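Residues per chain are reported as follows:
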Amino acid sequence: MADRGLEGMALPLEVRARLAELELELSEGDITQKGYEKKRSKLIGAYLPQPPTANGAAVVRCRLQHSEGAPGRALHSGNIGVCDIRDAAVRERAASTAGNRPLFYFRFGVDQALPPERRAPVTPASSTRYHRRRSSGSRDERYRSDVHTEAVQAALAKHKERKMAVPMPSKRRSLVVQTSMDAYTPPDTSSGSEDEGSVQGDSQGTPTSSQGSINMEHWISQAIHGSTTSTTSSSSTQSGGSGAAHRLADVMAQTHIENHSAPPDVTTYTSEHPIQVERPQGSTTSRTAPKYGNAELMETGDGVPVSSRVSAKIQQLVNTLKRPKRPPLREFFVDDFEELLEVQQPDPNQPKPEGAQMLAMRGEQLGVVTNWPPSLEAALQRWGTISPKAPCLTTMDTNGKPLYILTYGKLWTRSMKVAYNILHKLGTKQEPMVRPGDRVALVFPNNDPAASMVAFYGCLLAEVVPVPIEVPLTRKDAGSQQIGFLLGSCGVTVALTSDACHKGLPKSPTGEIPQFKGWPKLLWFVTESKHLSKPPRDWFPHIKDANNDTAYIEYKTCKDGSVLGVTVTRIALLTHCQALTQACGYTEAETIVNVLDFKKDVGLWHGILTSVMNMMHVISIPYSLMKVNPLSWIQKVCQYKAKVACVKSRDMHWALVAHRDQRDINLSSLRMLIVADGANPWSISSCDAFLNVFQSKGLRQEVICPCASSPEALTVAIRRPTDDSNQPPGRGVLSMHGLTYGVIRVDSEEKLSVLTVQDVGLVMPGAIMCSVKPDGIPQLCRTDEIGELCVCAIATGTSYYGLSGMTKNTFEVFPVTSSGAPVSEYPFVRTGLLGFIGPGGLVFVVGKMDGLMVVSGRRHNADDIVATALAVEPMKFVYRGRIAVFSVTVLHDERIVIVAEQRPDSTEEDSFQWMSRVLQAIDSIHQVGVYCLALVPANTLPKTPLGGIHLSETKQLFLEGSLHPCNVLMCPHTCVTNLPKPRQKQPEIGPASVMVGNLVSGKRIAQASGRDLGQIEDNDQARKFLFLSEVLQWRAQTTPDHVLYTLLNCRGTIASSLTCVQLHKRAEKIAVMLMERGHLQDGDHVALVYPPGIDLIAAFYGCLYAGCVPITVRPPHPQNIATTLPTVKMIVEVSRSACLMTTQLICKLLRSREAAAAVDVRAWPPILDTDDLPKKRPAQIYKPSNPDTLAYLDFSVSTTGMLAGVKMSHAATSAFCRSIKLQCELYPSREVAICLDPYCGLGFVLWCLCSHEITAFSGLRLRH
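What you are looking at is a predicted structure, and each value in this text was computed from that prediction instead of being measured.

1. Considerations on the overall build of the protein chain
Scanning the protein chain for helices and strands turns up 37 helices and 45 strands. Per-residue burial for the protein chain yields a buried fraction of 52% across its 1264 residues. Sequence-distant contacts in the protein chain: of pairs separated by 6 or more residues, those separated by 24 or more amount to 73%. With the model as given, the accessible surface of the protein chain reaches about 58,100 Å², and the carbon-plus-sulfur share is 52%.

2. Observations concerning the environment of Asp747
Among the secondary structure elements, Asp747 is positioned in the loop between helix H23 (736–740) and strand E21 (754–758). Sequence separation between Asp747 and Ser735 is 12 residues, and the spatial gap between their C-alpha atoms is 5.4 Å. Once residues within four sequence positions are removed from consideration, Asp747 is found in contact with Val733, Leu734, Ser735 and Val754.

3. Brief notes about the packing of helix H30 (residues 1028–1038) against helix H32 (residues 1094–1106)
At their nearest, the axes of H30 and H32 sit 9 Å apart, and the two run at 110° to each other. Between H30 and H32, the interaxial angle falls into the category roughly perpendicular. Taking contact as the criterion, the partners of Leu1028, Ser1029, Leu1032 and Gln1033 in H30 are, on H32, Tyr1101, Leu1104 and Tyr1105. For the contact of H30 with H32, the per-class residue count stands at five nonpolar, two polar and no charged.

4. Brief notes about the sheet that holds strand E7 (residues 402–407)
On the basis of which strands lie adjacent, the open sheet formed by nine strands has the order E7-E6-E15-E14-E16-E17-E18-E19-E22 and mixed pairing. Two strands in the sheet have a free side with no partner beyond their single neighbour: E7 and strand E22 (762–763). Alignment of strand E6 (residues 391–396) against E7, held across five bridges, turns out to be antiparallel. The residue of E7 that forms the bridge with Leu393 is Leu406. The sheet contacts of helix H18 (residues 601–613) involve E6, strand E14 (591–594), strand E15 (617–620), strand E16 (644–647), strand E17 (672–675), strand E18 (704–710) and strand E19 (714–718), and relative to E18 the element is tilted by about 105°.

5. What to know about the pattern of salt bridges
Considering all chains together, one arrives at 30 salt bridges under this definition. Between Lys556 and Glu712 there is a salt bridge, with its nearest N and O atoms 2.5 Å apart. One end of the pair, Lys556, is in strand E12 (residues 550–557); the other, Glu712, is in the loop between E18 and E19, and 156 residues separate them in sequence. Classification of Glu712 as buried rests on a relative accessible area of 3%. Linking Glu1076 and Lys1176 is a salt bridge whose minimum nitrogen-to-oxygen distance equals 2.8 Å. Within this pair, whereas Glu1076 is found in helix H31 (residues 1060–1076), its partner Lys1176 is found in the loop between strand E41 (1167–1169) and strand E42 (1190–1197), the two being separated by 100 residues in sequence.

6. Section: the confidence of the model for the protein chain
Looking at the protein chain, the pLDDT average stands at 76 and 70% of residues meet or exceed 70. A low-confidence stretch, residues 1–5 (pLDDT under 50), is modelled with nine contacts involving residues beyond four sequence positions or located in other chains. Under a pLDDT of 50 for its full length, residues 997–1005 has, in the predicted model, 28 contacts with residues more than four places off or in other chains.

7. Comments concerning the packing of H31 against H32
Where H31 meets H32, the closest approach of the two axes is 7 Å, and the angle between their N-to-C directions is 60°. It follows that H31 is oblique to H32 by the angle criterion. You can see that H31 and H32 cross each other, and the crossing is right-handed. Across the interface between the two elements, Leu1063, His1064, Arg1066, Ala1067, Glu1068, Ile1070, Ala1071, Leu1074 and Met1075 of H31 pack against Ile1094, Asp1095, Ile1097, Ala1098, Ala1099, Tyr1101, Gly1102, Cys1103, Tyr1105 and Ala1106 of H32. In the contact of H31 with H32, the residues fall into 14 nonpolar, two polar and three charged.

8. Overview of the environment of Gly1083
Inspection of the secondary structure puts Gly1083 in the loop between H31 and strand E38 (1085–1089). In this structure, the C-alpha to C-alpha distance between Gly1083 and Pro1184, residues 101 residues apart in sequence, is 10.0 Å. The residues touching Gly1083, leaving out its near neighbours within four places in the chain, are Gly1107, Cys1108 and Val1109.

9. Some details on the pairing of E19
E19 sits mainly inside the fold: five of its five residues count as buried. Across four bridges, E18 lies against E19 in antiparallel orientation. Looking at the pairing, Cys707 lines up with Ile718 of E19. Following E18, the chain reverses through three residues before pairing antiparallel with E19.

10. Concerning the side chain of Asp864
Here Asp864 is to be found in helix H25 (residues 862–870). At 10 Å, Arg858 is the nearest oppositely charged side chain to Asp864, a buried residue that forms no salt bridge. In this structure the side chain of Asp864 is engaged in a polar contact, spanning 2.7 Å, whose partner is the side chain of Trp682. Excluding residues that lie within four positions of it along the chain, Asp864 makes contacts with Pro681, Trp682, Met736, Leu755 and His926.

11. Quick word on the nonpolar core
Formed by 104 residues in total, the largest nonpolar core has its most connected members in Leu411, Met453, Tyr457, Leu496, Tyr552, Leu609 and Ile674. By residue number, the principal contributor to this core is helix H14 (residues 449–461), which donates 10 residues. Once residues lying within four places of it in the same chain are set aside, the contact partners of Tyr552 are Phe456, Val465, Pro466, Val566, Thr567, Val568, Leu573, Leu604, Trp605, Leu609 and Leu714. Counting residues in each nonpolar core, the second largest holds 47 residues, with Ala1067, Ala1099, Tyr1192 and Leu1246 among its members.

12. With respect to unusual backbone geometry
Not every positive phi belongs to a glycine, and Glu463 is a case in point at roughly 60°. Relative to the helices and strands, Glu463 resides in the loop between H14 and strand E9 (465–469). By relative accessible area, Glu463 is classed as partly exposed at 23%. Phi angles above zero are rare outside glycine, and Ala589 is one such case at about 70°. With respect to the helices, strands and loops of the structure, Ala589 is situated in the loop between helix H17 (570–584) and E14.

13. Side note on the sheet that holds strand E13 (residues 563–569)
One open sheet accounts for three strands, arranged E12-E13-E25; its pairing is antiparallel. In this open sheet, the two edge strands, each paired with only one partner strand, are E12 and strand E25 (799–800). Where E12 and E13 come together, seven bridges link them in antiparallel fashion. Directly across from Glu554, in E13, lies its bridge partner Val566. Packed onto the sheet, H17 meets E12 and E13 and runs at close to 80° relative to E13.

14. Side note on H32
Taking 1.5 Å per residue, 13 residues should reach 18 Å; H32 reaches 19 Å between its end C-alpha atoms and fits that length. Along H32, the residues that are buried comprise Ile1094, Leu1096, Ile1097, Ala1098, Ala1099, Phe1100, Tyr1101, Gly1102, Cys1103, Leu1104, Tyr1105 and Ala1106.

15. Some thoughts on a nonpolar patch on the surface
Together, Met1130, Val1134 and Val1197 line one region of the surface with nonpolar side chains, adding up to about 220 Å² of accessible area. Inspection of the secondary structure puts Val1134 in helix H33 (residues 1121–1134). For Val1134, a relative accessible area of 46% gives the class partly exposed.

16. Section: the pairing of strand E29 (residues 858–861)
Strand direction decides the pairing type here: strand E28 (residues 852–855) and E29, joined by four bridges, are antiparallel. When the bridges of E29 are listed, Leu852 appears paired with Asn861. Between the antiparallel neighbours E28 and E29 lie two residues, among them Ser856 with a positive phi of about 55°.

17. Some words on helix H15 (residues 480–490)
In an α-helix, one turn spans 3.6 residues; hence positions three or four apart end up facing the same way. Buried residues of H15: Ser480, Ile483, Gly484, Leu486, Leu487 and Cys490, and no others. Seen along its axis, H15 keeps its buried residues to an arc of 155°; they face one direction. The elements touched by buried residues of H15 are strand E8 (439–443), E9, E12 and E13. Of the residues one or two after H15, Gly491 is the one with positive phi, at around 70°.

18. Section: the state of the cysteines
Evaluation of the coordinates by the stated rule reveals zero disulfides. Cys770 takes part in no disulfide bond, and the closest cysteine sulfur to it belongs to Cys790, at a distance of 5.1 Å.

About the criteria used
- Residues numbered from 1 in each chain as written.
- Predicted model: local features only at pLDDT ≥ 70, side-chain atom pairs only at ≥ 80, totals over all residues.
- Heavy atoms only, no water.
- Helix = DSSP H or I, 4+ residues; strand = E, 2+ residues; numbered from the N terminus.
- Buried < 20%, exposed > 50% of the residue type's maximum accessible area, 1.4 Å probe, protein only.
- Contact = heavy atoms within 4.5 Å.
- Areas by Shrake-Rupley, 256 points an atom, 1.4 Å probe, with all protein chains shown as cover.
- Axes fitted to C-alpha atoms, helices over the stretch in contact; angles between N-to-C directions.
- Parallel < 35°, antiparallel > 145°, perpendicular 65-115°, else oblique.
- Nonpolar A, V, L, I, M, F, W, Y, C, P; charged D, E, K, R; others polar.
- Pairing = 2+ DSSP bridges.
- Salt bridge = Lys/Arg side-chain N within 4 Å of Asp/Glu carboxyl O.
- pLDDT = per-residue confidence, 0-100.
- Left-handed = near helix turned anticlockwise from the far one by under 90°.
- Lys, Arg positive; Asp, Glu negative; His and termini not counted.
- Polar contact = N/O pair within 3.5 Å; in protein donor to acceptor, adjacent residues only side chain to side chain.
- Core = buried A, V, L, I, M, F, W, Y, C linked by side-chain atoms within 4.5 Å.
- Expected span 1.5 Å × (residues − 1).
- Patch = residues over 30% accessible without salt bridge, like charges linked within 9 Å, V, L, I, M, F, W, Y side chains within 5 Å.
- Arc of directions from axis to C-beta.
- Disulfide = S-S within 2.5 Å.

What follows is the structure, encoded as structure tokens:
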């Protein structure tokens, strides 16, 4: 702007820098045009008569980019400020050459005028930002970093609360540094390039993006993990160049990622000592920037040297940019809510790990057996041709009778038939629908494992990837939409199914299968032999050795309900079968009973895959049969003399429940009982109980073999079957308190707050296992620390299909030691299991990552909470044990929610008693509060295909308010302990106060207050009465017949009523009784044990007339005296009551035999019966001498069993009642219906206080 008239002038650098600052202030609106002209003329006035010199100092022109259409000036990413000396480049070149001075040219941005080969590549993620311009009038956005790269966002993810108002250019790391300083900047997708005006088209003088930057995804991942990576920017040089720009092109810039949340600082000088940076392997060292002449060269973020004198002036400009004088107005109204919350201080006495760093545990060597097949298809071919009549799979009907026997010959021929039809009968010859490598869905019901097995091996023979999923029964199945998303991401267009399943699918009126919600359009293909064409004799499937091609995809449901596909390669599939064969000691022709789901997890690995490799006979027990006869799997073990059985702990539990001393049970044939959910620490109770009952039936202790598995790592560990019955299994009793801090502390089994865990065996053959910290860098845990188990083996999953980012975080983990050294050069796989490796290499699992809930910095596992809730009496209250535990976020912390199905015959009283016991048990055992406990009717929670509760769908219903519970108990006061700090009034008036008044001071609302009670009701005669007893006397004189209370019975009819004068007279009689019979003095405490009604209110005001302090107490329940009477006794003792007033009926109850068994009758204070009151009037009604004296005590028992008492003075009581009257707008013509208990809190205030006080002021009538 102003520099255009100074082109012929040679001004000092200080003057030009000052002019640049003036221009900036003018563009920002900090000064007016008139002020700008005045200061500008003052600066250049002394230089106007002087002619311009030819060899003066280099002219630097700095200004901000404002114009939209400036050619060749595009802002890239976070390059907010642009230093542009393009206009003076040609003139300065001649002057600098004549004076033998180096020319310094730098530009923070990408020049569009450069040729394509010298321009930084525009990635798809940054293409829109590359072409985006900044509008000239958007000052509010100028100091934002909204257009920065994803790398900065990832690096600042953990520090969102720090908001900086300075620009964050990706190239402005340091303009002024010492030559020995390692100046580093985060790498960018584009490399800074010199302008064509100074380089004159020298294409070799600028580093290209492939040379001067590193891959952005690699940098982001390193920034997220907090690691430091160093790269070297290199540039090629052009030999024979005579200009300074040619010489400078040889300088190499050094970059370094610093894991800071603040933007790069460009204003501070660094120390003389270089920063010592630990460099990973493969990083190259960079050279120190050379010196040219007498000027010391510094390196900018682009690797281009710059003079220290020029940088000092640029530094002044950046200082101005760092300190905006007028931040955007909306920043005044941004309430930093996270900073206002109460920060949980760590417990100084919390246990901390003290052991040495653990070592990775290696499993035994995977043996090489000569007769092992090279692939699973080859094994099928061998047994199908050598032993075609050997039984492979036997299915059962709902009556427990064999329904179908699939032999190995039938499996081989039918699998070939399916493979041929998939490849040749779908689509046309020129355009087949399914090619080798494509994904197809396997949709088979749980009672038809034979058809599913044929289709699975048919896909393997056709080299097609099967994706086994559940059968969609309705269009709104729980989780069905997420399954459809998985199919869509896998590109599935064909679904294989059975004839019976195809007929059972929901159909439209035209008979077509509708497209399920979220599912891709599918072609349903029936795999029954009668629907398939026979393959030609010359057609034979191509059976190859196991390779890295994908064998199948197993679906996994995450904590948030999303469904992922875990890919398993053919070599991993074969190696896993070999490892299971070695660990379990499988041999040919063994019989195995499988109760598990054959489509995934342990049921698939043992019952479908490993069994075929070893030519085993599988007896499949469908879930429908288990619901009818839980003992069916035990009966089949006895019938077929099975050697192995695959069950879950729930199958063992329900077998125990259904067991009735059957004499024909003999389990001596079992050599291995695989417990698939052995990773659940509470499975040990089912194992112990099952062993105690069936040990007399031939079951041996060493037969029970729990295992741990996950979809990502397949089988993690399994207990080996042994012949030594004297060797007990490993188990440990751990402190629950220590586990919440991730620390292992051995405790005594007598305590309640302990967790007894059993080992899940040893590491799988050919695998390496370690335990890493669940959060942050995968660092090895200590020996007494809980971490996430990680496995390094061939027999694991390889990826989440189509999700490279999540795959890298799960399947490509490199654990490191405390010094940062990697444990292995091969990647590990996260198992999602929390545990540790104990003595002897035994693996112990204490929970899962998906069930982890971090509440106030402590870890709690959902399975532990479920086990505690199910152990509360009555244990059969929860219908079929159907209970869900999850967490919701409230005030930036997780809160525990419990949802359970109650039995159909449960009453409301039973429900709340059970819920109260659950809260107390969880509080005492886990030391954590429950945010909400909801009970729903039986069979109303969403189910999984095998009958369990669909956790994520249940949580979604809870968040949406669509759960429709029949009983709810919410306790936010016990668990929400990080409430926001109270707002404080700011002493000074902030800028925003000018606009919105005095309500806002600075950035936060100062305070809010209600109306002053002293400024209302000036004409009300009741204002002269300060005490409730006085108000009642006044009302009895002015409106004696006004009905204060109306008590309704359960039928809705009026049971009794009370007028002002009636309440007054009854209160007088009770006061006389307290003084004469009770011999009480002023200030004595009196416990009022009454049922809700008129007697309680009269007794309360009788105490006030006598000068006593009343305490309302809930009477004991006649049908549950043993549990409710101790609470009454506790309140009476804690309140130090000198007397107990009650009715004649409750008085008899307190002295009954049942009550004497719970509380000694002699322990009660004097008991007064108010059914027979004296007819005398008191000589004088007590009037408090001071409004601050005690009026009553408010005792309440929390849901966790904690007793709390609140002292209420007369002044506070009166003010409370007046404020409720004003806030609720209680006028004389209104009636209030109260459905609350009158013993504590708001219920007591409305029953006994506000009803009378408001009536005294407004003539209000209440109905109870």
